[in-house]
Amino acid sequence: AQSVTQLDSQVPVFEEAPVELRCNYSSSVSVYLFWYVQYPNQGLQLLLKYLSGSTLVESINGFEAEFNKSQTSFHLRKPSVHISDTAEYFCAVSDGATDSWGKLQFGAGTQVVVTP
Amino acid sequence: KAGVTQTPRYLIKTRGQQVTLSCSPISGHRSVSWYQQTPGQGLQFLFEYFSETQRNKGNFPGRFSGRQFSNSRSEMNVSTLELGDSALYLCASSRDSVIYGYTFGSGTRLTVV
């Protein structure tokens, strides 16, 4: 079974500074990787996903993540954060096998707190 | 288009009671998954339904059950509620499988007293 480790439980960052959220997963033949964001009292919103192809994936709001197969990592980055980026971020993985139908394995989450 | 709708948003129940939560997926989505989110355990997979059939189940006791209707709407039921069942229950829908991505609802916050 897959497992996901988010190395930082909380990341404080100043507005307009860069941020990196780290995510490592247990190895598998092939994986699908996701980053979700959760704002207070809301559900999860998909930020970006890696299925195959280019190892660098980008979201429409300035986030990007890079799939590194050798290091089994999928770190999330943003070069300049806004106050509105304050939220909890979850890394998730699926190996796409039939016994994984519907199941995403989530990390514990990283709380990003952006201050002026 | 409308997102994933979960009702009710908040619930308070007493230990020993049972509860039913509802989820209406995005139109055209036939896969519905349920997750439990708690501060201690994080996000844990409960089960997944596709075309009225349960395809996958997580490691939860039999008190947790679900079903899906022909219009893809899904319900989950928890019987004999325990204090530890207090959580945010999230529903997610997808066209078919993970490669299409899952869209989550806002959740139902269940408090057991």
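Residues numbered from 1 in each chain as written. Chains lettered and ligands numbered in written order. Predicted model: local features only at pLDDT ≥ 70, side-chain atom pairs only at ≥ 80, totals over all residues. Heavy atoms only, no water.

Draft legend 1. Highlighting empty space enclosed by the protein. Taken as a whole and judged by the stated rule, the model has 1 cavity of 30 Å³ or more. Around the largest cavity, the lining residues are A:Asn41, A:Gln42, B:Arg9, B:Tyr10, B:Leu88, B:Ser106 and B:Arg109. Among the residues forming the lining of the largest cavity, the class breakdown is 2 nonpolar, 3 polar and 2 charged. (1 Å grid on protein atoms, 1.4 Å probe; cavity = no way out; pocket = protein on both sides within 12 Å on 5 of 7 lines; lining within 4 Å. Points joined across faces, edges and corners; volume = space filled by probe spheres on them. Nonpolar A, V, L, I, M, F, W, Y, C, P; charged D, E, K, R; others polar.)

Draft legend 2. Structural view of the interface of chain A and chain B. On the chain B side, the residues contacting the 20 residues of chain A number 21 residues. Between chain A and chain B the total buried area reaches about 1,700 Å² when both faces are included, carbon and sulfur atoms providing 59% of it. Our count for the contact surface shared by chain A and chain B stands at 4 residue pairs in polar contact (both at pLDDT 80 or more). Every element with two or more residues in the side of chain A that touches chain B is listed here: strand E5 (32-38), strand E6 (44-50) and strand E10 (87-94) of chain A. It is E5(A) that provides the largest number of residues to the side of chain A that touches chain B, a total of 4 residues. (Contact = heavy atoms within 4.5 Å. Buried area = accessible area lost by both parts, 1.4 Å probe. Polar contact = N/O pair within 3.5 Å; in protein donor to acceptor, adjacent residues only side chain to side chain. Helix = DSSP H or I, 4+ residues; strand = E, 2+ residues; numbered from the N terminus.)

Draft legend 3. Representation of the environment of B:Gly58. Residue and element names in this part refer to chain B. Of note, Gly58 is situated in the loop between strand E6 (53-57) and strand E7 (64-68). It is 4.7 Å that separates the C-alpha atoms of Gly58 and Leu46, two residues lying 12 residues apart in sequence. Not counting chain neighbours up to four residues away, the residues in contact with Gly58 comprise Phe45, Leu46 and Phe47.

Draft legend 4. Expanded view of unusual backbone geometry. Residues and elements named next belong to chain B. In this model, Thr7 is joined to Pro8 through a cis peptide bond whose omega is -10 degrees. Turning to its location among the elements, Pro8 is positioned in the loop between strand E1 (5-7) and strand E2 (10-13). Positive phi values are uncommon outside glycine, yet Glu52 reaches one of about 70 degrees. Residue placement: Glu52 occurs in the loop between strand E5 (42-50) and E6. Residues other than glycine seldom take positive phi values, yet Ser72 does so here, at roughly 80 degrees. With respect to the secondary-structure elements, Ser72 resides in the loop between E7 and strand E8 (74-78). Since its relative accessible area comes to 11%, Ser72 is described here as buried. (Buried < 20%, exposed > 50% of the residue type's maximum accessible area, 1.4 Å probe, protein only.)

Draft legend 5. Focus on the nonpolar core. Residues A:Trp35, A:Leu48, A:Phe74, A:Leu76 and A:Tyr89 are the most contacted members of the largest nonpolar core, which totals 27 residues. For this core, the leading source of residues is E10(A), giving 4 residues. Setting aside residues up to four positions removed in sequence, A:Leu48 forms contacts with A:Leu33, A:Phe34, A:Trp35, A:Val57, A:Glu58, A:Ser59, A:Phe63, A:Glu64, A:Ala65, A:Phe74 and A:Leu76. Counting residues in hydrophobic clusters, the runner-up holds 21 residues, among them B:Val32, B:Phe60, B:Phe64 and B:Met76. (Core = buried A, V, L, I, M, F, W, Y, C linked by side-chain atoms within 4.5 Å.)

Draft legend 6. Main features of the state of the cysteines. Residues and elements named next belong to chain A. Scanning the model with the defined rule gives 2 disulfides over all chains in all. Here Cys23 engages in a disulfide with Cys91; their sulfurs sit 1.9 Å apart. Taking the sign of the S-S torsion, about -65 degrees here, the bridge from Cys23 to Cys91 comes out left-handed. One end of the pair, Cys23, is in strand E4 (residues 23-25); the other, Cys91, is in strand E10, with 68 residues separating them in the sequence. (Disulfide = S-S within 2.5 Å.)

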